[in-house]
Amino acid sequence: MGLVFRLLWLCNVFLEGARCQGVYAPPTVRIVHSGHACNIDEERYSERVYTIREGETLELQCLVTGHPRPQIRWTKTAGSVSDRFADSTLFNETLRIGRIHRHQGGRYYCKADNGLGSPAIKSIRVDVYYLDDPVITVHQSIGEAKEQFYYERTVFLRCVANSNPPVRYSWRRGRDLLSQGSDTGVEIYEPFFTQGETKILKLKNLRPQDYANYTCVSSVRNVCGIADKSARFNLSNRTVSPSIKLLMEEPLVVNPGETVTLVCVTSGGEPPPTLTWTRNVGAELPRRSILKGGNLTIRAISVDDGGPYSCVATNNVGNPAKKSATILVRGLRKGRFWITPDPYHNDDNIQIGREVKISCQVEATPPEELEFSWLKNGRSLRSSERMVITHTDTDVSPGTTNLDIIDLKFTDFGTYTCVAALRNGGIPEISIDVNISSTTVPPELSVPRGRSHLLALEGETVDLQCLVSGKPKPIILWSLVDKEGASAAMPDGSVQMESYDGVLRIVNVTREMTGVYRCQTSQYNGFNVKPREALIQLVVQFPPTVEPMYMEIRQGLGRAFSLSCHLLRAHPARLLHYEWKLGTRLLTMGQLSDERDDTDYHVRALNREGYGEYTCDITNEAGSGRCTFLVTGKAYAPEFYYDTYSALWQNRPRVYGFKLQWTQMEPSAVDRIVAYRLGIKQMGHSRWWEQEIPMEGSIQKGELLTYNLTELIKPESYLVRLTPITRYGEGDATERIITYSAPINPHLREFQCGFEDESVCLFTQDKSDEFDWTHHSAAIRDTKYTPNTGPSTDRTGSKQGFYMYIETSRPRLQGDKARLLTPTFNVGSKNSYGAPTPNPSYCFAFYYHMYGKHIGTLNVFLRQKAQAATDTAIWSLSGNQGDRWRQAKVNIHPTTTFQMVMEGVRGPGIEGDIAIDDVTIEEGECKDPPPNNLRSLAPPASLHIWQLSITLTLSLIGHWR
């Protein structure tokens, strides 16, 4: 399988101030993108802006370098808001947003971090383009609004369309285009206060010819392929803003369960208005509602459906018309009572000869229909001198009725009933019974013995109980008391909780529920006296919380190490015991002192029996908390080196190799790594080929290890797995997919270049030209991109593939030249006798793309280097050749060391991008050569196998020997 090569980068030679970092390097990052870029702004060269049409798919890819391989995270910042898209550790992670919306535009950040130096951050601004349908609205001048648009009135037609980039408007009257100054009765202007977002057409003193069809065309000038949109309005002498009326009572009072229909009709408006119904404050219409024209029908109406509803009429003339109606759903709710002992004496008891007030309160809809009546022992009770019945104003507060019993007598004892009803019926009445007798006494509140201080284990169900006596028994209100004695939020988030039996049950109690709880009597459904209250202390016990919950420790044999378990919190926090175990074997035990909140276990020299799972249990009355340590001799995972330059090469026809390189994470943490288990399989297959790579000596941190994979028969994708092996056994494995990259082959017998590497096959830019060729891929199209010129893919049809092109946008001028030079080749072929071959022949071939109405010229020169370099023109082509790749071939006969020169000449405009791809030089005459003149155009030729192989962008798989 080849030899094992190891390279140790000496710290004191290569990295001043660094400590054995080897090939470790901080991250770098760049963002590439694919999809439908459609930026046309040529002025924003300095800012990375990616323009996309709304509804298209956005793909942003974060490409990183650095060792170890950095982790990638995407974030988006819009204003002051930051939205995290991913916290993924995937490499080359692609952020994909399908059917992008306008609100998803903004600046996207890619952050790469591998723990070395500062994280690398790059950003790109995504600009989403869109154009909504325009809307025409019609208004008269303020103070002149009439029912109709008649002569000698000024009318404004305003066109509005939301767009990005800014929209431009044009107006037509019938078929005639209106422009400023074309008609003295028409003015077209953009008001300052709208910042160019609207265009207003002003018709001064309406004339007969002004009654016509008007069309507003909104345009973003076909940016991103967004077509123009238009709106139409017919202005006539009947044009008028909408008016409506409601055919119903106001308010509309209904009973629950009824079907209600709100009727809204237009009383004017041209064109005919559109009617809609809405609920106030942005609430949605009831689910059971049916909207048909101006009729809103609500079936089986409920109390929650009550409230105001609005009918809105719009016809884009003037302001919308709006009328509102209120639906009142009859109902009675919250019937309560309270007894007030003699209000004139400071006494909580009911006594003969004193005054007693019984109050009853009910919430009613509508409140004006509320009626009260009183019964005593089931018989109607009327107001008298000793029994005074009064009612409060329902408009001021919920309906309340009071029965004042003056000079209480023994015969007044009995059951008093407050009856609440609605005047128009249809709703069941509410009856509230209040018993007044010699046994009616104010409430008393107490906590059962031994229940004022409760202990509970976390997770249990606990009952807090307050005993209440008195007749009648009031509702008990529970609240949580803070340190200042004020009420705090209860476990369910409410301020108070009601209890009718005096018990507050808390299910699944947690440590956060520890505190002081207050129970107190309410004033309603009982006596209106000073509340009685009591306090209960709840203490929730919980097992110790410790750290670390889990930790893996990697150690070599014979080494010393310590384990530490730290107590964070516990209740009770005293009398804490600890136990250390290895598996099930007890190592040591003891009790934590009040001064210490941790316990340690020391191993002086690790042996094989010392590997395993160590546990430390810290225990109190409520349970235990456990620290777990897994002590292992497994080696850490290898760290593949991704930044290898041209890692794949071609050994011979259809046989490939790959230089696999890696460093070892923390090699000194465990025993010496004696070998690596190398596994490789073809992607999509299940069979693995495996072998061991022996290691001699100790591996240093940051040392770059190399192994040559050979005999890879096919240039396909391979999955490689690398596992370190120590005396302990196999360590953590790492996998990666190795990818094919086009070989750089500067040898003359067969030179091929698809520009897939950043090195561009050792091509160089001529320093004497006006500008440079650009290394490019459709997947990383930048803001300089100009529509209607240049290729949308590389020569093979791949958006991921690369090519070279000339960017002819500003500041380029007509006639500017960009010259690209191949590597230098030596003419050194020999015949069968070993003598040099005179005037050897070579076939120079390449693909070109010349699309755009401003295409200039593509020239090819043979530069031979003697005492002075001379350029000989061998091929030339000018003008638009269509949106496709074509191949050119030409025979060359150099007599000395030579280079090929590719010269692109800028045409008269920005739509003149010229591109080249798949340049080859092959020994021998061209097969099926085209006519050899400067204006020749080579027909498409079939691809050679070696030509096809350099265009593949794949990862390798093959036969393993």
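These numbers come from a predicted model, not from an experiment. (Residues numbered from 1 in each chain as written. Predicted model: local features only at pLDDT ≥ 70, side-chain atom pairs only at ≥ 80, totals over all residues. Heavy atoms only, no water.)

Caption draft 1: The overall build of the protein, seen in detail. A tally of regular secondary structure across the protein gives two helices and 72 strands. A total of 961 residues make up the protein; the buried ones form 48% of that total. When contacts within the protein are restricted to residue pairs at least 6 apart in sequence, those whose partners lie at least 24 apart make up 70%. For the protein, the accessible area works out to roughly 47700 Å², and carbon and sulfur atoms hold 49% of it. (Helix = DSSP H or I, 4+ residues; strand = E, 2+ residues; numbered from the N terminus. Buried < 20%, exposed > 50% of the residue type's maximum accessible area, 1.4 Å probe, protein only. Contact = heavy atoms within 4.5 Å. Areas by Shrake-Rupley, 256 points an atom, 1.4 Å probe, with all protein chains shown as cover.)

Caption draft 2: Geometry of the pairing of strand β13 (residues 168-173). Because side chains alternate across β13, one face comprises the buried residues Tyr169, Trp171 and Arg173, and the other comprises Arg168, Ser170 and Arg172, none of which is buried. Direction of pairing for β13 relative to strand β17 (residues 213-219): antiparallel, over a ladder of six bridges. Paired with Tyr169 across the strands is Ser218, a residue of β17. In this sheet, strand β14 (residues 176-178) lies alongside β13 in antiparallel orientation, the contact comprising three bridges. If you follow Arg172 over to β14, its bridge partner there is Leu177. Where β13 hands over to β14, the hairpin turn is made up of two residues, of which Gly174 adopts a positive phi near 65°. (Pairing = 2+ DSSP bridges.)

Caption draft 3: Local environment of the nonpolar core. Counting 35 residues, the largest nonpolar core has Phe763, Trp773, Phe844, Phe846, Leu858, Trp875 and Met900 as its most contacted members. Beyond its immediate chain neighbours, meaning those up to four positions away, Phe846 contacts Leu858, Val860, Trp875, Arg886, Gln887, Ala888, Met902, Asp917, Asp918 and Val919. (Core = buried A, V, L, I, M, F, W, Y, C linked by side-chain atoms within 4.5 Å.)

Caption draft 4: Fine view of the state of the cysteines. Applying the stated rule across the entire model yields seven disulfides. Between the sulfur of Cys264 and that of Cys311 lies a disulfide, 2.1 Å long from S to S. Given an S-S torsion of about -75°, the disulfide between Cys264 and Cys311 has left-handed geometry. Residue Cys264 is located in strand β21 (residues 260-270), and its partner Cys311 is located in strand β25 (residues 307-314); the two are separated by 47 residues in the primary sequence. Given the relative accessible area of 3%, Cys264 is considered buried. Left without a disulfide partner, Cys616 is nearest to the cysteine sulfur of Cys565, which lies 3.8 Å away. The exposure class assigned to Cys616 is buried, which follows from its relative accessible area of 0%. (Disulfide = S-S within 2.5 Å.)

Caption draft 5: Quick peek at the confidence of the model for the protein. When pLDDT is averaged along the protein, the result is 84, and 84% of the positions lie at 70 or above. Segment residues 829-836 is flagged for pLDDT under 50; beyond a separation of four residues in sequence, or across chains, it makes nine contacts in the model. (pLDDT = per-residue confidence, 0-100.)

Caption draft 6: Region of the structure containing the environment of Leu660. Counting through the fold element by element, Leu660 comes out in strand β55 (residues 655-664). Residue class for Leu660 comes out buried when judged on its relative accessible area of 0%. Separated by 45 residues in the primary sequence, Leu660 and Leu705 have C-alpha atoms spaced 8.2 Å apart. Aside from chain neighbours lying at most four places away, what touches Leu660 is Phe640, Leu678, Leu705, Thr706, Tyr707, Leu709, Val720, Arg736 and Ile738.

Caption draft 7: The pairing of strand β15 (residues 186-189), seen in detail. Burial along β15 is one-sided: the residues Val186 and Ile188 are buried and none of Glu187 and Tyr189 is. In this sheet, strand β16 (residues 198-203) lies alongside β15 in antiparallel orientation, the contact comprising four bridges. Residue pairing for β16: Ile188 is matched across the bridge by Leu201.

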